[in-house]
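# Chain and residue survey
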Amino acid sequence: MVEQSDRAPLLDWEEIPPPDPNQAAQPPPEPQREDDTAAADKRTPMSGNMVEWCLPHDVNLDGVEFKSMASGSHRITSDFIYFRKGKYFGLACFANMPVESELERGARMKSVGILSPSYTLLYRYMHFLENQVRHQLHCPGQYSPLEAFYEDKKAVLPPTGNGLVSSCPTWTVSAINRCMHPEMKITHPAGCMSQFIQFFGEQIMVLWKFVLLRKRLLIFSPPPIGVVCYRVYCCCCLANVSIPGIGVSVPELRPFFYINIADISTLETEFSYVACTTEKIFEDKKELYDVYIDNQNVKTHRNHLQPLLRLNAADKEKYRKLSEQRQMLLYSQEVDENCTANEEDLFILFFMELNNRIFQTLCEVAGSSDPTITADHMRAMGLDPQGDRSFLEDLLVVYGIDVTLLIDNLCCS
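Residues numbered from 1 in each chain as written. Predicted model: local features only at pLDDT ≥ 70, side-chain atom pairs only at ≥ 80, totals over all residues. Heavy atoms only, no water.

## A word on the overall build of the protein chain
- For the protein chain, the helix and strand inventory stands at 14 helices and twelve strands.
- Taking all 413 residues of the protein chain together, the buried fraction comes to 54%.
- Residue pairs at least 24 apart in sequence account for 69% of intrachain contacts in the protein chain once pairs closer than 6 positions are excluded.
- Summed over all atoms, the accessible surface of the protein chain reaches about 19100 Å², with 52% contributed by carbon and sulfur. (Helix = DSSP H or I, 4+ residues; strand = E, 2+ residues; numbered from the N terminus. Buried < 20%, exposed > 50% of the residue type's maximum accessible area, 1.4 Å probe, protein only. Contact = heavy atoms within 4.5 Å. Areas by Shrake-Rupley, 256 points an atom, 1.4 Å probe, with all protein chains shown as cover.)

## Thoughts on the pairing of strand 3 (residues 78-85)
- Most of strand 3 sits inside the fold, with seven of its eight residues counted as buried.
- Two successive antiparallel strands, strand 3 and strand 4 (residues 88-98), enclose a turn made up of two residues, where G86 displays a positive phi of approximately 60°. (Pairing = 2+ DSSP bridges.)

## Brief notes about the side chain of D388
- With respect to the element layout, D388 can be found in the loop between helix 13 (375-380) and helix 14 (389-399).
- Apart from residues no more than four positions distant in its own chain, D388 is found in contact with K209, N312, A314, D315, M378 and L383.

## A word on the nonpolar core
- Ranked by internal contacts, the top residues of the largest apolar core, which has 100 residues, are W208, F347, F351, L362, L392 and L395.
- Take this core: its biggest share by element is ten residues, from helix 12 (residues 343-366).
- Each of domain 1 (64-151) and domain 2 (187-357) gives at least three residues to this core.
- Core analysis: the next-biggest nonpolar cluster, separate from the first, contains twelve residues, I259, A275, L288 and Y289 among them. (Core = buried A, V, L, I, M, F, W, Y, C linked by side-chain atoms within 4.5 Å. Domains from an automatic or database assignment.)

## Side note on the pattern of salt bridges
- Tallied over the entire structure, the rule returns 18 salt bridges.
- Its salt-bridge partner being R326, residue E343 comes within 2.7 Å of it at the nearest N-O pair. Here R326 lies in helix 11 (residues 313-335) and E343 lies in helix 12, a separation of 17 residues in the sequence.
- One salt bridge in this structure joins R389 and E393, with 3.0 Å as the shortest N-O distance. Taken together, the residues span about one helical turn, with R389 and E393 both in helix 14 at a distance of four residues.
- Connected through shared salt-bridge partners, K209, D315, K318 and D388 make up one network. (Salt bridge = Lys/Arg side-chain N within 4 Å of Asp/Glu carboxyl O.)

## A look at the packing of aromatic side chains
- For the structure on display, the rule yields 20 aromatic pairs.
- Consider the rings of F196 and F200, whose centres lie 5.3 Å apart with planes at 65°: the pair is edge-to-face. Of this pair, F196 and F200 both sit in helix 7 (residues 192-200), separated by four residues, roughly a single helical turn.
- Given the relative accessible area of 2%, F196 is considered buried.
- A relative accessible area of 4% means that F200 is categorised as buried.
- An aromatic cluster of three or more residues is present, and its members are F80, Y82, F89, Y119, Y230, Y233 and F257.
- Across the ring face of F391, the terminal group of K209 is positioned such that the distance to the ring centre comes to 5.7 Å. (Phe/Tyr/Trp six-rings, centres within 6.5 Å; stacked < 30°, edge-to-face > 60°. Lys NZ or Arg CZ within 6 Å of the ring centre and 35° of its normal.)

## A word on helix 3 (residues 126-138)
- For helix 3, with 13 residues, the first-to-last C-alpha span of 19 Å sits near the 18 Å given by 1.5 Å per residue.
- Within helix 3 the residues assigned to the buried category are M126, F128, L129, Q132, V133, Q136 and L137. (Expected span 1.5 Å × (residues − 1).)

## Examining the confidence of the model for the protein chain
- Here the protein chain shows a mean pLDDT of 81. Residues at 70 or above account for 78%.
- Note that pLDDT drops below 50 for residues 1-8; the model gives that stretch 26 contacts with residues more than four away or on any other chain.
- Every residue in residues 15-46 scores below 50 in pLDDT, and together they form 43 contacts with partners more than four places removed in sequence or on other chains. (pLDDT = per-residue confidence, 0-100.)

## A word on unusual backbone geometry
- Cis geometry is found at the peptide bond from L55 to P56, where omega equals -5°.
- Each neighbour pair has its own omega, and for P223 with P224 the value is 5°, a cis peptide bond.
- Inspection of the secondary structure puts P224 in the loop between strand 6 (216-220) and helix 9 (226-237).
- You will see that R214, though not glycine, has its phi angle at about 60°, which is positive.
- Considering the arrangement of structural elements, one finds R214 in the loop between helix 8 (204-212) and strand 6.
- What makes R214 buried here is its relative accessible area of 13%.
- A positive phi angle is found at N295, which is not glycine, with a value near 60°.
- Structurally, N295 can be placed in the loop between strand 9 (291-294) and strand 10 (297-300).

## Here's the deal with the environment of K299
- Relative to the assigned elements, K299 resides in strand 10.
- Remark: the alpha-carbon pair of K299 and L309, spanning ten residues in sequence, is separated by 7.1 Å.
- The contact partners of K299, leaving out residues within four places of it in the chain, are E283, D290, V291, Y292 and L309.
- Polar contacts involving the side chain of K299 include one to the side chain of E283, which spans 2.6 Å. (Polar contact = N/O pair within 3.5 Å; in protein donor to acceptor, adjacent residues only side chain to side chain.)

## Some words on helix 11
- In this model, helix 11 (23 residues) spans 33 Å end to end at C-alpha, consistent with the 33 Å of a helix rising 1.5 Å per residue.
- All of the buried residues in helix 11 are A314, D315, K318, Y319, L322, R326 and L329.
- In this structure, the buried side of helix 11 is in contact with helix 7, helix 8 and helix 12.
- At the N-terminal boundary of helix 11, the capping side chain belongs to N312, with an oxygen 3.0 Å from the backbone nitrogen of A314.

## A word on the packing of helix 7 against helix 9
- Where helix 7 contacts helix 9, the two axes come as close as 10 Å, and the packing angle between them is 90°. Taken together, the axes of helix 7 and helix 9 lie roughly perpendicular to each other. On the side of helix 7, the interface is formed by C192, M193, Q195, F196, F199 and F200, while helix 9 contributes V227, Y230, R231, Y233, C234, C235 and C237.
- Of the residues assigned to the contact of helix 7 with helix 9, the class counts are eleven nonpolar, one polar and one charged. (Axes fitted to C-alpha atoms, helices over the stretch in contact; angles between N-to-C directions. Parallel < 35°, antiparallel > 145°, perpendicular 65-115°, else oblique. Nonpolar A, V, L, I, M, F, W, Y, C, P; charged D, E, K, R; others polar.)

Put into structure tokens, the structure is as follows:
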């Protein structure tokens, strides 16, 4: 039996720094010895990123050399990066070391990574990849630890996409505290959700609406990009629903993690995704996204989505409740050293219960003799009767729920 998420091709990439315009052009390097790697045989000062070594040798890695090293990484010393390659997910660790080499223009940059059908177990190999990329910087071309790792972990990858994890896992309330709890922690470090909340603050409620509507969200940030990949994951967690049948007919929420200009053709066909990039050029390619997030600035060029950018009273109340629950949890952890609850559980449960309450109400109303949503229904769902009207209208369309809205001229009482 193949254990898909533990088995992956093992890869090693190298980046050649861009030429220094103030430095005279260097002659092509001398031919490499026959016992060097095949990729090294083709290395020239102008070659840019290139795949230096991989196992298995016949795996298609077109474009991976750019996915595994975020644009602008030459300005930082280390980073990690999650990405998509076709049906697979990748995790790579990057490191940059100064060297006294004119051929390498004073810097040696490498990235070592793995591919897997699922991103949920990649975290297990982060420490190994970090050690190996440092090893490759100091001892380039010594691949025996990588070869041994691959031989120990390898398995036959499925030839089709059946069973591949391409979206965020869906959790039930009971599963969070049982078998799925370890799966939550594997894609982010301890405290990731807390940092996500602190970074976006009340804007989380805006992101929640866009994610639930299955919009295309693109997060921009200069390197390092690793922590931003975690924000992609956290965004996906906002849309969890545990009610059977909900979301079956809606576009799949696909975490793309890091993307670059080589992914443009793929993004053109996507209806829903969350991704991050270090390339500012994407901001001008408005046809590729619905929502653009730069630092804490969330914006959209879609006119019908503009109202969703404004926080209403119900949004602020939901965020207040989330903050209150977090404070209560922190107090419990402080006074009870045996407290097993954590912020990750709280974050997941808060939004899943919020989503469940909305869809449970909508389904009950849709199945009743009077399928009409009133102001009382809106408030019961934690929504603002006036401020969330356009959000609810879009939600009904996206999820194909047939009800009538009668909240045009409501007072605010």
